[in-house]
Amino acid sequence: MPVILKAEGIEKQYGNEKTGVHALRGIDLEIEEGRFYAIIGKSGSGKSTLLHILGGLDKPTKGAIFLEGENISALRGNALALVRRRRIGFVFQSYNLLEEHTVMENILLPIHLDGRVQDVKFVDQVVDALGIRDKLSSYPDELSGGQKQRVAIARALAPKPAILLADEPTGNLDDKTSREVMELLGKSAREFGQTMVLVTHDREIASQADRVVTIADGRIQSIQAGKYGY
């Protein structure tokens, strides 16, 4: 499979050289197109920092991130914002839904902000795959946590991003709902051929991915096949 996202020599340091904290220490990672990756590690291991750098939400101290061959870590301002809006989808545990908008309006928001015409057929497929068709006219405060996360996933998938990044997406959910959300993420990855990178501290959740990347002390310790590995 072709490599869609590549990290080369990524380092991240907070503070100065002597007293600063090294969150990442020379990360090299290749993400293949159409695969589902899980990055696992304990709190403070650097996994969320790595995800944010992969998605252009943070800048590395050293190294570079290449998305479809383009060095996005060298981009600034509007150019970087455009890449994030058009080519990267994000799912966070806090959902980040707009309370004054309906479910459907939340899902279509990234497409409308970009001035694009929605792919009605694809959006319908996403809505049905995530089981939220009966909630499209509802508002976020009328939804459960699991339903809100489904909407957040649909919103991230709707613009057809090159890659979807999920940061502890089940962190605010109970065990049963967490399993359901993970199954939906896996289904989305396989059904829509969506490249996906998920961060979690839960090894059982991570095992459902194609590849499991274990990180500790800001370094990659291992890359192994998950439940659907190859």
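This text goes with the structure placed above it.
The rules behind each value
- Residues numbered from 1 in each chain as written.
- Predicted model: local features only at pLDDT ≥ 70, side-chain atom pairs only at ≥ 80, totals over all residues.
- Heavy atoms only, no water.
- Helix = DSSP H or I, 4+ residues; strand = E, 2+ residues; numbered from the N terminus.
- Buried < 20%, exposed > 50% of the residue type's maximum accessible area, 1.4 Å probe, protein only.
- Lys, Arg positive; Asp, Glu negative; His and termini not counted.
- Salt bridge = Lys/Arg side-chain N within 4 Å of Asp/Glu carboxyl O.
- Polar contact = N/O pair within 3.5 Å; in protein donor to acceptor, adjacent residues only side chain to side chain.
- Contact = heavy atoms within 4.5 Å.
- Pairing = 2+ DSSP bridges.
- Axes fitted to C-alpha atoms, helices over the stretch in contact; angles between N-to-C directions.

**Focus: the side chain of Asp167**
As for its position among the elements, Asp167 is in strand β7 (residues 163-167). For Asp167, which is buried and forms no salt bridge, the nearest opposite charge comes from Lys47, at a distance of 7.1 Å. At 3.2 Å, the side chain of Asp167 forms a polar contact with the side chain of His52. Not counting chain neighbours up to four residues away, the residues in contact with Asp167 comprise Ser48, Leu51, His52, Val91, Phe92, Gln93 and Val199.

**Side note on the side chain of Gln13**
Along the chain, Gln13 falls in strand β1 (residues 3-14). Not counting the four nearest positions on each side in its chain, Gln13 is found in contact with Val21, His22 and Thr61.

**Let's talk about the sheet that holds strand β9 (residues 211-216)**
With respect to topology, six strands assemble into an open sheet ordered β6-β7-β8-β3-β9-β10, the strand pairing being mixed. Across the chains shown, the open sheet's two edge strands, defined by having one partner strand only, are β6 (88-92) and β10 (219-225). This sheet shows a mean twist of 20 degrees between the axes of neighbouring strands, independent of strand direction. Across six bridges, the pairing between β9 and β10 is antiparallel. Counted as the bridge partner of Thr214 is Ser222 from β10. Its contacts with the sheet put helix α2 (residues 77-87) on β6 and β7, and the angle it makes with β6 is roughly 75 degrees. Contacting β3 (36-40) and β8 (195-200), helix α6 (residues 175-191) runs over the sheet at an angle of about 155 degrees to β8.

**Some details on the sheet that holds β1**
One open sheet accounts for four strands, arranged β2-β1-β4-β5; its pairing is antiparallel. Of all the strands in the sheet, the pair left with one neighbour each is β2 (21-32) and β5 (70-71). Where strand β4 (residues 62-67) lies against β5, two bridges are found, and the strand directions are antiparallel. Across the sheet, Leu67 pairs through a bridge with Glu70, a residue of β5. The strands touched by helix α1 (residues 47-54) are β1, β2 and β4; relative to β1, the strand with the most contacts, the crossing angle is about 125 degrees.

Distances and angles like these do not, on their own, reveal function.
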